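# An overview of the molecular structure
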Amino acid sequence: MRKFKTESKKLLDLMINSIYTNKEIFLRELISNASDAEDKLYLRSLTDSAINLDEDSLAIRVTPDKEAHTLTISDNGLGMTEEELEKNLGTIAHSGSEEFKAENAEHQGDDVDIIGQFGVGFYSAFMVAKEVRVVTRAAGEDVAHEWVSDGLEGYTISDAKRDHCGTDVILILKDDVEGTDGAEGERYSRFLEEWTLKELIRQYSNYVRHPIQMMVTKSRQKPKPEDAPEDYTPEYEDYTELETINSMTPIWKKRDVEQKDYDEFYKSTFHDWEDPARTITFHAEGALEYDALLFVPGKAPFDLYSKDYEKGLALYSSNVLIMEKCADLLPDYYNFVRGIVDSPDVTLNISRETLQQNRQLKAIAKRIEKKVTSELETMRDQDREAYEKFFENFGRGLKYGIYSSYGMKASELADLLLFWSAREQKMVTLAEYAEAMPSGQKAVYYAAGDSRERLAKMPVVKAALDHGFDVLLCTADVDEFTFQSMRAYEAKGLPKTYEDDAAREAAEKAVADGAEPEVEDRSLELKNVAAGDVDFATEDEKKAAEEATKDNEDLFKAMKDALGEKVTKVTVSARLTDAPAAITSEGLLTLEMEKVLAAGPDAADAPKAQRVLELNAKHQVFDKLKATQEAGDTDKLTKYAGLLYDQALLVEGILPDDPVEFAQRVCELM
């Protein structure tokens, strides 16, 4: 027996037990080696006239034998001499493919794709095999050789017989292991099952350029006998047929592909019933070459927003699957994107299951992000109906992308957001909202709650509309947090504002004379209309509110005393029109944020908003409050204050602290 030419026992044990995380990877590695052998023969035929090669005859055969408990992977490629057997299989981590690739670099083109790099993939066979036999015959030689090893100390090489050049790798599989003490066993015999082998080939090696063939069992109807009775029941029989399992040419490398073919590929690969909303395909060249085929799904998967959902694109290298879901290729806010990236240039680790250089991955991910953003912008501008459907499915994730990045991603994502316009009664972008603003408006106004219908009836929303300002009605739980993270929206190309009348008149005259209107970029604050510092009242309304506040200080103090810690203050509102009162908030925490936090797991410790009770001094209820206070009826004023406060809470969608007491007060006053 010949010894392995390294620290064999230690290194081989590392190859078999430590490098690979999944035993089924062995089939991918052996098929990749077989594909390399066939590419090598093709390359050799370009310079060696003695090799008369029919390229269409190159194929890989997978043959399970349940009786012998063996699995054979055969190719009709270049094969190996005895010296090459010794060099390639006797020396661990020596890659014959990598060496051949370097020696024949000038002859390689699109028709050849040598996969092997490290010279360790072959040894993955020992994860499932107790013995491996390699029978090989080199092109141009008359004799074959057999390499045999149990993967422990060494190997033997002897003469053998093989009719043509190529290699057979024969695995004598390990015996099945029963599970003990509740632990799961290991069924090595599953690698002899037809269905399992077909699935593994399609999963990992579907796009290897050479056909991977296997005898498969099929069923067919027997011919109907001539003397069959009228109630004859058809009979069926099983038969075997050689079938090509893999697709070979990946769709992302084909040219002039029709959309229906992309749709079918998407549905079959990603197990979706609906066609994708968008298909994105591109090829990158330069320092890093890769192909990308991306899909925006037509609907959100049921588990998209669950903790169990895994994002990521399938990563291929030289048409061989490396990672089923490479999460680093997508930002979290584009986690809905599905697809494939194939690059021969990414630096893999020795097991070819993960990447070595994060820099390469970041470069690809950055390009993918830009492509997805550009496609969504095109959809938004050219197919609004489709975009609104997309946003209904995935908009929450875009908003969360801004919130989770503390507003850092606002410049990339803000213009992709849609919100319901209370005035326009349709979904609008922030840019469309800004474009429709009246002259002099300095903020984007919004209201947050659980339904558009309720928000539209809120006094503060109606007040804003009455003053000519549109309000965005936000019903997603993340909306308020998103706007708080953004703080402002950078609007582009708004009509220029002028500090004085003379400048404005001069600009209007210039436009009348044929000049283009002047535009400017402007930062617009994002303001919740329920916030205490929102100011869209006219100067006259503000002046009237100030006078009412000054004239009724005793009333407000009495109502504040009656409500206690429930509110930070009671004041006159300059913005309410027909509602008697409204609850607003001071500080960063709004009423809607309070509700969201109160619905979370830490509800008991959730912070409270600083509530303000705003009164409409022009409403007849205010006159009633004044009369009650002037009459010195403290008890009734306390009831009125509590009733108005609870009523304002209900309008905000918040239950009163004591619903029973609220009902009793209503009955008493009735």
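In this text the structure is predicted, and so the values were computed from the model without any measurement.

## Re the environment of Asn-552
Positionally, Asn-552 belongs in the loop between helix H15 (539–551) and helix H16 (553–563). Here Asn-552 falls in the buried class, since its relative accessible area comes to 9%. Placed 77 residues apart in sequence, Asn-552 and Gln-629 show a C-alpha to C-alpha distance of 9.7 Å.

## Concerning the packing of aromatic side chains
Inspection of every chain in the model, using the stated rule, returns 26 aromatic pairs. Seen from their ring centres, Phe-336 and Phe-394 are 4.5 Å apart, and the 25° between their planes marks the pair as stacked. Here Phe-394 lies in helix H8 (residues 384–404) and Phe-336 lies in the loop between strand S13 (320–326) and strand S14 (338–342), a separation of 58 residues in the sequence. The class for Phe-336 is buried, based on a relative accessible area of 1%. Feature note: the residues Tyr-207, Trp-252, Phe-265, Tyr-266, Phe-270, Phe-295 and Tyr-316 constitute an aromatic cluster, connected by ring pairs. Above the ring of Tyr-309, the side-chain terminus of Lys-325 is found at 6.0 Å from the ring centroid.

## Quick look at the sheet that holds strand S16 (residues 426–428)
Spatial ordering of the open sheet is given by S16-S15-S18-S17-S20-S19, a layout of 6 strands whose pairing is mixed. A strand with exactly one partner marks an edge of an open sheet, and here the two such strands are S16 and strand S19 (488–495). Taken over all neighbouring pairs, the strand axes of this sheet differ in orientation by 40° on average, direction set aside. Looking at chain direction, strand S17 (residues 443–448) and strand S20 (residues 519–528) are connected through 4 bridges and run parallel. In the strand pairing of S20, Val-444 is matched with Leu-526.

## Structural notes on the side chain of Glu-541
Along the chain, the position of Glu-541 falls in helix H15. A distance of 2.6 Å separates polar atoms of two side chains, one belonging to Glu-541 and the other to His-467. In this view, Glu-541 contacts His-467, Ala-574 and Lys-618; residues no more than four positions away in its chain are not counted.

## Observations regarding a positive patch on the surface
The grouping of Lys-366, Arg-367, Lys-370 and Lys-371 at the surface amounts to a positive patch. Its location among the elements puts Arg-367 in helix H7 (residues 358–382). What makes Arg-367 partly exposed here is its relative accessible area of 32%.

## A look at the packing of helix H2 (residues 25–47) against helix H5 (residues 194–204)
At a minimum axis separation of 10 Å, H2 and H5 run at an interaxial angle of 65°. As summarised for this structure, H2 and H5 are arranged roughly perpendicular, according to the angle between their axes. When you trace H2 past H5, the crossing you get is right-handed. On the side of H2, the interface is formed by Ile-25, Leu-27, Arg-28 and Ile-31, while H5 contributes Leu-197, Leu-200, Ile-201 and Tyr-204. The residue makeup of the contact of H2 with H5, split by class, is 7 nonpolar, no polar and 1 charged.

## Overview of unusual backbone geometry
The backbone of His-69 sits at a positive phi, close to 60°, despite the residue not being glycine. Topologically, His-69 is positioned in the loop between strand S2 (60–65) and strand S3 (70–75). For Asp-256, which is not glycine, the phi dihedral falls at a positive 55°. Mapping Asp-256 onto the fold places it in the loop between strand S9 (236–244) and helix H6 (259–270). Among the residues examined, Asp-256 registers a relative accessible area of 80% and is labelled exposed.

## Quick look at the pattern of salt bridges
Throughout the structure, instances matching the rule amount to 36 salt bridges. Measuring nitrogen to oxygen at the nearest pair gives 2.8 Å for the salt bridge that ties Lys-218 to Glu-241. Placement of Lys-218 in strand S8 (residues 212–221) and of Glu-241 in strand S9 is noted, with a sequence separation of 23 residues between them. Looking at Lys-218, the relative accessible area reads 24%, which means it is partly exposed. On the basis of relative accessibility, which here comes to 33%, the residue Glu-241 falls in the partly exposed class. Glu-424 is the partner of Arg-423 in a salt bridge, and the nearest nitrogen-oxygen pair spans 3.8 Å. On the basis of relative accessible area, Arg-423 is assigned to the partly exposed category, the value being 34%.

Cut-offs applied
Residues numbered from 1 in each chain as written. Predicted model: local features only at pLDDT ≥ 70, side-chain atom pairs only at ≥ 80, totals over all residues. Heavy atoms only, no water. Helix = DSSP H or I, 4+ residues; strand = E, 2+ residues; numbered from the N terminus. Buried < 20%, exposed > 50% of the residue type's maximum accessible area, 1.4 Å probe, protein only. Phe/Tyr/Trp six-rings, centres within 6.5 Å; stacked < 30°, edge-to-face > 60°. Lys NZ or Arg CZ within 6 Å of the ring centre and 35° of its normal. Pairing = 2+ DSSP bridges. Axes fitted to C-alpha atoms, helices over the stretch in contact; angles between N-to-C directions. Polar contact = N/O pair within 3.5 Å; in protein donor to acceptor, adjacent residues only side chain to side chain. Contact = heavy atoms within 4.5 Å. Patch = residues over 30% accessible without salt bridge, like charges linked within 9 Å, V, L, I, M, F, W, Y side chains within 5 Å. Areas by Shrake-Rupley, 256 points an atom, 1.4 Å probe, with all protein chains shown as cover. Salt bridge = Lys/Arg side-chain N within 4 Å of Asp/Glu carboxyl O. Lys, Arg positive; Asp, Glu negative; His and termini not counted. Charge placed at Lys NZ, Arg CZ, Asp CG, Glu CD. Parallel < 35°, antiparallel > 145°, perpendicular 65-115°, else oblique. Left-handed = near helix turned anticlockwise from the far one by under 90°. Nonpolar A, V, L, I, M, F, W, Y, C, P; charged D, E, K, R; others polar.

Keep in mind these numbers describe shape, not what the thing actually does.
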